[in-house]
Amino acid sequence: MSDKFIQNTTLKERRRVLLWLNIKARWQLYLLLALPIGYLILFHYVPMGGIIIAFKHYSIARGIFGSPWVGLANFYRFFKSYQFLLILRNTLTISLYGLVVHFPIPIIFALLMNALPWRRYQKVVQTVTYIPHFFSTVIMVGIIFQVLNNRIGFYGSLMLFFTKKIPADIFAIGPIFKHLFVWSGVWQNTGFASIIYFAALSNVDPTLHEAALVDGATRFQRLIHIDFPNILPTASILLILAIGNIMGVAFEKVLLMQNSLNLNYSEVISTYVYKVGLASGINDFSLSAAIGLFNNVINFIFLVIANWGSKKLSGSGIF
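Just so it is clear, the model here is predicted, and its values are computed rather than measured.

Some thoughts on the overall build of the protein
In terms of helices and strands, the protein carries 18 helices and zero strands. Taken over C-alpha atoms, the radius of gyration comes to 26 Å for the protein, far larger than the 20 Å a tight globule of 319 residues would show. If one aligns the C-alpha atoms of the protein with their principal axes, the spans along those axes are about 90 × 75 × 40 Å. For the protein, with 319 residues in total, the buried portion stands at 33%. Surface exposure of the protein reaches about 20,100 Å², of which carbon and sulfur atoms provide 70%. Averaging the coordinates of the 25 positive side-chain charges in the protein and doing the same for the 10 negative ones gives two points 8 Å apart.

What follows is the structure in structure tokens.
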């Protein structure tokens, strides 16, 4: 870029020219980005226009823009519903329980695996724990049903052997639902969730461990004072993201594990939105959109609070 051009153009124009030159020089990379960006725009940003039906009495015949405005009436309907407190309690209970269990276990698993001296055994264990993550939700729930079946499953056969009686159907006991949901998720996702922590541990400077060994530190002391502080920034970012999705209980898994006997303990916001909007005979799209918007706003508030708290405590955040 010549000095004359720099003198005769504004900063904004120079930036525009530099951007165009950068795109021209690396057009292959930008071409690769076109498909994922198009996907995001088409399936994530364009549908946001439909949020306005949460403030309307939506009619398919009239369309989104032709339907009459009702303001916050759909939100009031949800808040005054007898199911509101039940659904909110179930969603928060399962989400918080899952956060408390799911977040620390991959960290502990990664730290322990990294401390093992037998690298071949470590790789075998990692591979075995990764595999369940690649099972589809339908297959995972099917395995849970087969293992915990009270008649032909491992649980039923074991209880029958010891008690000589057919045990109660564990899926019909409402309070147990959250334990089944959360701990089956631990089995499915712990190995895969620990990958990012293994990556962070691989960046630990070996000289730190060598210096600690010279000073007489044990392996546990090195784990606490060297390994753990190095993965703490990564853990804080993942914790913020997890808190920001605290109202987003896995829809497919909950729906597949639900039945009429555990519904009072398993009905969460995501499944209720599906039933109100699509699975019921009424198909109240406005109410389901209002509930979904309420859920996303709460998630956003949790995300902002978690990010603020993380920046205050550790100085790092996602924005």
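Once you've had a look at it, read on.
Remarks on the packing of aromatic side chains
For the coordinates displayed, the defined rule picks out 16 aromatic pairs. Aromatic side chains tyrosine 39 and phenylalanine 43 sit 5.2 Å apart centroid to centroid with 40° between the ring planes, which places their arrangement in the tilted category. Placement of the pair is tyrosine 39 and phenylalanine 43 together in helix α3 (residues 27-45), with a separation of four residues, close to one helical turn. Owing to a relative accessible area of 46%, tyrosine 39 belongs among the partly exposed residues under this scheme. Their ring planes at 20° and their centres at 6.2 Å tell us that phenylalanine 177 and phenylalanine 181 sit as a pair that is stacked. Placement of both phenylalanine 177 and phenylalanine 181 in helix α11 (residues 177-193) is noted, with a separation of four residues, approximately one turn of the helix. The two residues phenylalanine 177 and phenylalanine 181 agree in class, both being buried. Members of the aromatic cluster, each reached through a chain of ring pairs, are Phe78, Phe79, Phe84, Tyr272 and Phe294. One residue, lysine 164, lies across the ring of phenylalanine 161, its end atom 5.4 Å from the ring centre. Looking at lysine 253, its charged tip hangs above the ring of phenylalanine 181, at a distance of 4.9 Å from the centre.

Section: the environment of leucine 40
The topology assignment puts leucine 40 in helix α3. Relative accessible area serves as the criterion here: at 41%, leucine 40 is assigned to the partly exposed category. Considering only alpha carbons, one finds leucine 40 and leucine 201, 161 residues apart in sequence, at a separation of 32 Å.

Quick look at the pattern of salt bridges
All told, the structure shown has three salt bridges when counted by the stated rule. Residue arginine 219 pairs with aspartate 227 through a salt bridge whose shortest N-O separation is 3.3 Å. Taking the relative accessible area as the measure of exposure, arginine 219 reaches 25% and is therefore partly exposed. The class for aspartate 227 is buried, based on a relative accessible area of 1%. A salt bridge links glutamate 267 to lysine 275; the shortest N-O distance between them is 3.1 Å. Judged by relative accessible area, glutamate 267 falls into the buried class, the value being 5%.

Describing the nonpolar core
Counting 20 residues, the largest nonpolar core has Phe75, Phe78, Ile269, Tyr272, Ile291 and Phe294 as the members making the most contacts within it. Looking at this core, the elements that each hand over two or more residues are α5 (73-80), α6 (84-102), α14 (219-244), α17 (269-279) and α18 (285-313). Among the elements that take part in this core, α18 stands out by supplying seven residues, more than any other. Among residues more than four places away in sequence, those in contact with tyrosine 272 are Phe78, Ser81, Gln83, Ile87, Glu267 and Ile291. Of all hydrophobic cores here, the second largest spans 19 residues; its members include Tyr155, Phe171, Val186 and Val268.

Some thoughts on the packing of α14 against α18
Where α14 contacts α18, the axes come no closer than 7 Å and their chain directions differ by 155°. Viewed along their axes, α14 and α18 adopt a mutual orientation that is roughly antiparallel. Relative to α18, the crossing made by α14 is right-handed. Of α18, the residues touching α14 (which contributes Ser236, Ile240, Ile243 and Gly244) are Asn299, Phe302, Leu303, Ala306, Asn307 and Ser310.

Some words on unusual backbone geometry
In this structure, lysine 164 takes a positive phi of about 65° despite not being glycine. Position of lysine 164 relative to the elements: it lies in the loop between α10 (154-163) and α11.

Side note on the environment of glutamine 122
Mapping glutamine 122 onto the fold places it in helix α8 (residues 119-130). Judged by relative accessible area, glutamine 122 falls into the buried class, the value being 8%. Put simply, glutamine 122 and glutamate 252 are 130 residues apart on the chain and 32 Å apart in space, counted from C-alpha to C-alpha. The contact partners of glutamine 122, leaving out residues within four places of it in the chain, are Met113, Asn114 and Leu116.

Some thoughts on the side chain of serine 67
Relative to the helices and strands, serine 67 is located in the loop between α4 (63-66) and α5. A relative accessible area of 3% means that serine 67 is categorised as buried. Side-chain polar atoms of serine 67 contact the backbone oxygen of glycine 63, separated by 2.5 Å. Those residues in contact with serine 67 that lie beyond four places of it in its chain are Lys56, His57, Tyr58, Ser59 and Arg62.

What counts, and at which threshold
- Residues numbered from 1 in each chain as written.
- Predicted model: local features only at pLDDT ≥ 70, side-chain atom pairs only at ≥ 80, totals over all residues.
- Heavy atoms only, no water.
- Helix = DSSP H or I, 4+ residues; strand = E, 2+ residues; numbered from the N terminus.
- Rg over C-alpha atoms; globule rule 2.2 N^0.38 Å.
- Buried < 20%, exposed > 50% of the residue type's maximum accessible area, 1.4 Å probe, protein only.
- Areas by Shrake-Rupley, 256 points an atom, 1.4 Å probe, with all protein chains shown as cover.
- Lys, Arg positive; Asp, Glu negative; His and termini not counted.
- Charge placed at Lys NZ, Arg CZ, Asp CG, Glu CD.
- Phe/Tyr/Trp six-rings, centres within 6.5 Å; stacked < 30°, edge-to-face > 60°.
- Lys NZ or Arg CZ within 6 Å of the ring centre and 35° of its normal.
- Salt bridge = Lys/Arg side-chain N within 4 Å of Asp/Glu carboxyl O.
- Core = buried A, V, L, I, M, F, W, Y, C linked by side-chain atoms within 4.5 Å.
- Contact = heavy atoms within 4.5 Å.
- Axes fitted to C-alpha atoms, helices over the stretch in contact; angles between N-to-C directions.
- Parallel < 35°, antiparallel > 145°, perpendicular 65-115°, else oblique.
- Left-handed = near helix turned anticlockwise from the far one by under 90°.
- Polar contact = N/O pair within 3.5 Å; in protein donor to acceptor, adjacent residues only side chain to side chain.

By themselves, these are just geometric observations and shouldn't be taken as functional.
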